[in-house]
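Spelled out from the first residue to the last, the chains are:
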Amino acid sequence: MVVISKSLRISSSSNFQIIDITRDIVDILNEINEENKMGNGIVNIFTKHSTSSIRVNENEKGLLMDFEKALKGVVKEKDNYKHNFIDNNAASHIKAFFLGASESIPIVEGRLDLGTWQSIFFIELDGPRSNRTVDLTFIGE
Amino acid sequence: MVVISKSLRISSSSNFQIIDITRDIVDILNEINEENKMGNGIVNIFTKHSTSSIRVNENEKGLLMDFEKALKGVVKEKDNYKHNFIDNNAASHIKAFFLGASESIPIVEGRLDLGTWQSIFFIELDGPRSNRTVDLTFIGE
Amino acid sequence: MVVISKSLRISSSSNFQIIDITRDIVDILNEINEENKMGNGIVNIFTKHSTSSIRVNENEKGLLMDFEKALKGVVKEKDNYKHNFIDNNAASHIKAFFLGASESIPIVEGRLDLGTWQSIFFIELDGPRSNRTVDLTFIGE
């Protein structure tokens, strides 16, 4: 049995940004495989920030812009939010509330078992930020 | 400790379809129990397609129609989506982006610990399709 | 390897209520640590009710009111829902359908690895109720 905790450091460069972290996770999984031979299991991907999210979808440039537009259509930027008296980012929190903080992805025979058109995204909803952390927990055998 | 990777093949018959996969998962868990005696743990349920989703809710015929209507109210079918220049299914991707790709369900004493009114759904958002795959990862002891 | 199944009993006092369950989960993790020395892993948090949800975000009083308002803006209370002929709570189910039933949180060196501003919430969408159950499954080593 293998349980391995890792983390990714992420910097964002704009207020809203979809960052593809698939490659980073695959690289870490490959390092793990060199030593531990992880066969089957899962990796839990969790963002430590309540104005960001983890999602799995297709990395197509136009589609990423569609996601942003759709999200802004659902969550108004300003709406007399009470949290804005404390910190001017209620809309960012609400978007994260709808999208969720984690996803768990299967690992089969040592490889992330994503579909052909799936990538793993860190969704920045309140950037730019220089110190975002995403936890990765690999569990398997 | 037990880690077992399985998958379900699913065919959908319409563009939007909520398919109850609870029975299929219970059947696989029962097979696992016959041999491995899995007591407590979780099963991670993950769809390998970015125009579909996994959700847990009540399987009541009228409610399933309400889910469809609500989802279509939130995500417009046409909205000058950029992805539609590539592939005419942006709305399907956006719905999946909102709903999410995975859920993890507890297993207690060898049984899925769902509530009385809970079923596990594969949500087809871009059907009909004949070759959908859902990964199941059972982890426990 | 450690797999431990626990559950929380929750009572809600209003129709919509965001209940912070972080402290309850930390208390249970501390008890587990006293005996089993759980180092790294995850805890899966799953609500057994299809008119409730689990979410991770910031516990700021004004923000919790913003979440409620935003959710009610996205899901109409009445919209000729078909489920309301069976049970008058379609809007509660639809909100849960959008938000999701589970989150998995990393445990690092025996502690929940939440970010500074993150709390774990049970979201009551159809209260008040006296017998809500949330399953916790700790997996690690």
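Residues numbered from 1 in each chain as written. Chains lettered and ligands numbered in written order. Predicted model: local features only at pLDDT ≥ 70, side-chain atom pairs only at ≥ 80, totals over all residues. Heavy atoms only, no water.

Draft legend 1. Main features of the packing of aromatic side chains. Counting across every chain of the model gives six aromatic pairs over all chains. Measuring from ring centre to ring centre gives 6.3 Å for Phe 97 of chain A and Phe 98 of chain A, while their planes differ by 75°; the resulting arrangement is edge-to-face. The exposure classification of Phe 97 of chain A matches that of Phe 98 of chain A, with both residues buried. Centre to centre, the rings of Phe 67 of chain B and Phe 97 of chain C are 4.1 Å apart; their planes meet at 10°, and the pair counts as stacked. Taken together, the residues span two chains, with Phe 67 of chain B in helix H2 (residues 61–74) and Phe 97 of chain C in helix H3 (residues 90–99). (Phe/Tyr/Trp six-rings, centres within 6.5 Å; stacked < 30°, edge-to-face > 60°. Buried < 20%, exposed > 50% of the residue type's maximum accessible area, 1.4 Å probe, protein only. Helix = DSSP H or I, 4+ residues; strand = E, 2+ residues; numbered from the N terminus.)

Draft legend 2. Local environment of the interface of chain A and chain C. Across the boundary between the two partners, chain A contributes 31 residues, which contact 35 residues of chain C. In this assembly, chain A packs against chain C so that about 2,700 Å² is buried in total across both faces, 63% of it on carbon and sulfur atoms. Together, Phe 46, Phe 97 and Phe 98 of chain A form the three largest contributors to the area buried by chain A at its contact with chain C, with a combined 26%. Across the contact surface, chain A and chain C share two salt bridges. Between Asp 79 of chain A and Lys 69 of chain C there is a salt bridge; the shortest N-O distance is 3.7 Å. Linking chain A with chain C are 15 residue pairs in polar contact (both at pLDDT 80 or more), by the criterion used here. Where the side of chain A that touches chain C is concerned, the elements lending two or more residues are strand E1 (2–10), strand E3 (41–47), helix H3 (90–99), strand E5 (102–108) and strand E8 (132–140) of chain A. (Contact = heavy atoms within 4.5 Å. Buried area = accessible area lost by both parts, 1.4 Å probe. Salt bridge = Lys/Arg side-chain N within 4 Å of Asp/Glu carboxyl O. Polar contact = N/O pair within 3.5 Å; in protein donor to acceptor, adjacent residues only side chain to side chain.)

Draft legend 3. Layout of the relation of the copies chain A and chain B. Between chain A and chain B, which share one sequence, the superposing operator has a rotation angle of 120° and an axial displacement of 0.0 Å; the RMSD is 0.0 Å. In short, the pair behaves as if placed about a three-fold rotation axis. Little of the interface of chain A is mirrored in chain B: 20% of its interface residues are interface residues there too. (Least-squares fit on C-alpha atoms with pLDDT ≥ 70 in both.)

Draft legend 4. Summary view of empty space enclosed by the protein. According to the stated counting rule, one finds four cavities of 30 Å³ or more in the structure shown. Quantified by volume, the largest cavity comes out at close to 160 Å³. In terms of lining residues, the largest cavity is bounded by 22 residues, among which Ser 102 of chain A, Ser 102 and Glu 103 of chain B together with Ser 102 and Glu 103 of chain C are the most central. Looking at the lining of the largest cavity, the elements with two or more residues in it are H3 and E5 of chain A, helix H3 (90–99) and strand E5 (102–108) of chain B together with H3 and strand E5 (102–108) of chain C. Across the lining of the largest cavity, the residue classes break down as six nonpolar, 10 polar and six charged. When its volume is computed, the second largest cavity comes out at roughly 50 Å³. In terms of lining, the second largest cavity is formed by Arg 55, Val 56, Asn 57, Glu 103 and Gln 118 of chain B together with His 49, Ser 50, Ser 52, Ala 96, Phe 97, Gly 100 and Ala 101 of chain C. If you list the elements that add at least two residues to the lining of the second largest cavity, you get strand E4 (52–57) of chain B together with H3 of chain C. Considering each element in turn, the lining of the second largest cavity owes the most residues, three residues, to E4 of chain B. Its residues assigned to classes, the lining of the second largest cavity shows four nonpolar, six polar and two charged. (1 Å grid on protein atoms, 1.4 Å probe; cavity = no way out; pocket = protein on both sides within 12 Å on 5 of 7 lines; lining within 4 Å. Points joined across faces, edges and corners; volume = space filled by probe spheres on them. Nonpolar A, V, L, I, M, F, W, Y, C, P; charged D, E, K, R; others polar.)

In short, shape yes, function no, at least from these values alone.
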